[in-house]
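Take a look at the letters that make up each chain.
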Amino acid sequence: MADLEPLQTENLSEKFSWEKPERKDQAGSLVIFGGSSFKLKEVDSLFKAAKKYGVGVVSALVPESLAKVFKRDDPYLVPIALDSYFGLTDSGFKTMQEESLLADCLILADIGNNSSTILKLARLASSSLKPVVLTDSTLSLILSHPNEILQNKLAVLVISFQNLQKLIKASNIELGEALTSQVGINKKIDTISKLSSSVQAKVVLIDEGRIISVDQDYYINLELESSTLELTAHLAAWDIWSPTTPFLERLFISNQKS
């Protein structure tokens, strides 16, 4: 941590209070892809958090069976076609591409382990010209295509410590010592720093109720104020509303209770 400084957060809340859109038609649009486990919990949590936070239009791309079974007052579920192996079909992927192009940001969550789906999502996430946020449940995608995903500067990974360990191994980054569960906060910050210096994507570690991230010469180490999924949805919102603001500032305000 010798060359890193903590992010100065004074007056950031006031600064961002002027940047949050007040009108729904100016608050952007978000697409969430997930439900491959045929459960709606993660997608539903992200949707509700994003809507409550103020994102203008939020929709979720889920398997057709989920869209039919789970009825919601807000018709936000967009059915996606899967094949007999529960993989994303070409037509389903086309729908996803079209929806993503119309949205300002994409969240990938609960994507499953189907190799066909992972390959298609890797193409989309690595080449996206809009922000794409990946939750902890997308690890299979990240580990299968680490070079492609991690080199997209518009990608944000929100991951647990266990998955950070796997990501470090897949990235072949030398740490000098093993990254075990007993390491302290400073070692975790150093690890994120080394990873961040090797990739273009932003990495956010959620561990033991804390948020740790590094961007350039600064780091953030904060107590998580809400749930990981709420933080993820809020971060996607600020990716839409204030994309040119330094990443750690966006991360800080995403953690503040609204």
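Now for a look at the structure at hand.

Reading guide: rules and limits
- Residues numbered from 1 in each chain as written.
- Predicted model: local features only at pLDDT ≥ 70, side-chain atom pairs only at ≥ 80, totals over all residues.
- Heavy atoms only, no water.
- Helix = DSSP H or I, 4+ residues; strand = E, 2+ residues; numbered from the N terminus.
- Contact = heavy atoms within 4.5 Å.
- Areas by Shrake-Rupley, 256 points an atom, 1.4 Å probe, with all protein chains shown as cover.
- Lys, Arg positive; Asp, Glu negative; His and termini not counted.
- Charge placed at Lys NZ, Arg CZ, Asp CG, Glu CD.
- Expected span 1.5 Å × (residues − 1).
- Buried < 20%, exposed > 50% of the residue type's maximum accessible area, 1.4 Å probe, protein only.
- Pairing = 2+ DSSP bridges.
- Right-handed = clockwise from strand over helix to strand, strands pointing away.
- Axes fitted to C-alpha atoms, helices over the stretch in contact; angles between N-to-C directions.
- Parallel < 35°, antiparallel > 145°, perpendicular 65-115°, else oblique.
- Left-handed = near helix turned anticlockwise from the far one by under 90°.
- Nonpolar A, V, L, I, M, F, W, Y, C, P; charged D, E, K, R; others polar.
- Core = buried A, V, L, I, M, F, W, Y, C linked by side-chain atoms within 4.5 Å.
- Polar contact = N/O pair within 3.5 Å; in protein donor to acceptor, adjacent residues only side chain to side chain.

**A short note on the overall build of the protein chain**
Phase 1 of the analysis: Helix and strand counts for the protein chain stand at 11 helices and 10 strands.
Phase 2 of the analysis: Sequence separation of 24 or more characterises 66% of the internal contacts of the protein chain that already satisfy a separation of 6 or more.
Phase 3 of the analysis: Accessible surface, the protein chain: about 12,500 Å² in total, of which carbon and sulfur atoms supply 49%.
Phase 4 of the analysis: Considering the protein chain, the positive charge centre built from 26 side chains and the negative charge centre built from 32 side chains are found 5 Å apart.

**Some words on helix H9 (residues 185-198)**
Phase 1 of the analysis: The end-to-end C-alpha distance of H9 is 20 Å, a good match for the 20 Å that 14 residues give at a rise of 1.5 Å each.
Phase 2 of the analysis: Of all the residues in H9, the buried ones are Lys187, Lys188, Ile189, Thr191, Ile192, Ser193, Leu195 and Ser196.
Phase 3 of the analysis: If you follow the buried residues of H9, they end up packed against helix H8 (161-171), strand S8 (202-207), strand S9 (210-215) and strand S10 (218-223).

**Re the pairing of strand S2 (residues 29-33)**
Phase 1 of the analysis: Burial analysis of S2 places 5 of its 5 residues in the buried class, which makes it a mostly covered element.
Phase 2 of the analysis: Going residue by residue along S2, you find Ser29, Val31 and Phe33 tucked away on one face and Leu30 and Ile32 tucked away on the opposite face as well.
Phase 3 of the analysis: As paired elements, S2 and strand S3 (residues 57-63) share 5 bridges and run parallel to each other. Residue pairing in the sheet places Phe33 in a bridge with Leu61 of S3.
Phase 4 of the analysis: In this fold, the crossover linking S2 to S3 by way of helix H2 (residues 41-53) has right-handed handedness.
Phase 5 of the analysis: Pairing analysis gives 4 bridges linking S2 to strand S5 (residues 105-108), with the strands arranged parallel. Considered in S5, the bridge of Val31 is made with Leu106.

**Here we look at the packing of helix H4 (residues 90-102) against helix H5 (residues 115-127)**
Phase 1 of the analysis: Contact geometry of H4 with H5 gives a least axis separation of 11 Å together with a crossing angle of 20 degrees. By the angle between their axes, H4 is roughly parallel relative to H5. Crossing of H4 over H5 shows right-handed handedness. Residues Asp90, Phe93, Met96, Gln97 and Ser100 of H4 form the contact with H5, whose own contacting residues are Lys120, Leu121, Arg123 and Leu124.
Phase 2 of the analysis: The residue inventory of the contact of H4 with H5, partitioned by class, reads 4 nonpolar, 2 polar and 3 charged.

**A closer look at the sheet that holds strand S4 (residues 77-80)**
Phase 1 of the analysis: Strand order in this open sheet of 10 strands is S1-S10-S9-S8-S7-S6-S5-S2-S3-S4, and the pairing throughout is mixed. Whereas interior strands pair on both sides, the edge strands pair on one side only; in this sheet they are strand S1 (5-6) and S4.
Phase 2 of the analysis: The strands touched by H8 are strand S7 (155-160) and S8; relative to S7, the strand with the most contacts, the crossing angle is about 120 degrees.

**Comments concerning the nonpolar core**
Phase 1 of the analysis: Judged by nonpolar contacts, the single largest core of 46 residues is most densely connected at Leu30, Ile32, Val204 and Leu251.
Phase 2 of the analysis: At 8 residues, helix H10 (residues 228-241) tops the list of elements feeding residues into this core.
Phase 3 of the analysis: Beyond its immediate chain neighbours, meaning those up to four positions away, Ile32 contacts Val43, Leu46, Phe47, Val58, Ser59, Ala60, Leu61 and Ile107.
Phase 4 of the analysis: Core analysis: the next-biggest nonpolar cluster, separate from the first, contains 45 residues, Ile80, Leu108, Leu141 and Ile168 among them.

**Brief notes about the environment of Glu19**
Phase 1 of the analysis: Secondary-structure assignment places Glu19 in the loop between helix H1 (12-17) and S2.
Phase 2 of the analysis: Residues Glu19 and Val69 lie 50 residues apart in sequence; the distance between their C-alpha atoms is 38 Å.
Phase 3 of the analysis: Sequence-distant contacts of Glu19, that is, excluding residues within four places in its chain, are made with Trp238, Trp241, Ser242 and Thr245.
Phase 4 of the analysis: Among the polar contacts made by the side chain of Glu19, one reaches the side chain of Ser242 at a distance of 2.6 Å.

**What about the packing of H10 against helix H11 (residues 247-254)?**
Phase 1 of the analysis: Axis separation between H10 and H11 bottoms out at 9 Å; the angle between their running directions is 135 degrees. One finds that H10 runs oblique with respect to H11. When the axes of H10 and H11 are compared, the crossing they make is right-handed. Two secondary-structure elements touch here, H10 through Leu231, His234, Leu235, Trp238 and Asp239 and H11 through Phe247, Arg250, Leu251, Ile253 and Ser254.
Phase 2 of the analysis: For the contact of H10 with H11, the class distribution of residues is 6 nonpolar, 2 polar and 2 charged.

**Examining H5**
Phase 1 of the analysis: The terminal C-alpha atoms of H5, which comprises 13 residues, lie 18 Å apart, in line with the 18 Å expected from a rise of 1.5 Å per residue.
Phase 2 of the analysis: Within H5, the full set of buried residues consists of Thr117, Ile118, Lys120, Leu121, Ala122, Leu124 and Ala125.
Phase 3 of the analysis: On its buried face, H5 is in contact with S2, H4, S5, strand S6 (132-134), helix H6 (139-144) and helix H7 (146-150).
Phase 4 of the analysis: Taking the backbone nitrogen of Ser116 as reference, a side-chain oxygen 3.0 Å away marks Asn114 as the first, capping residue of H5.

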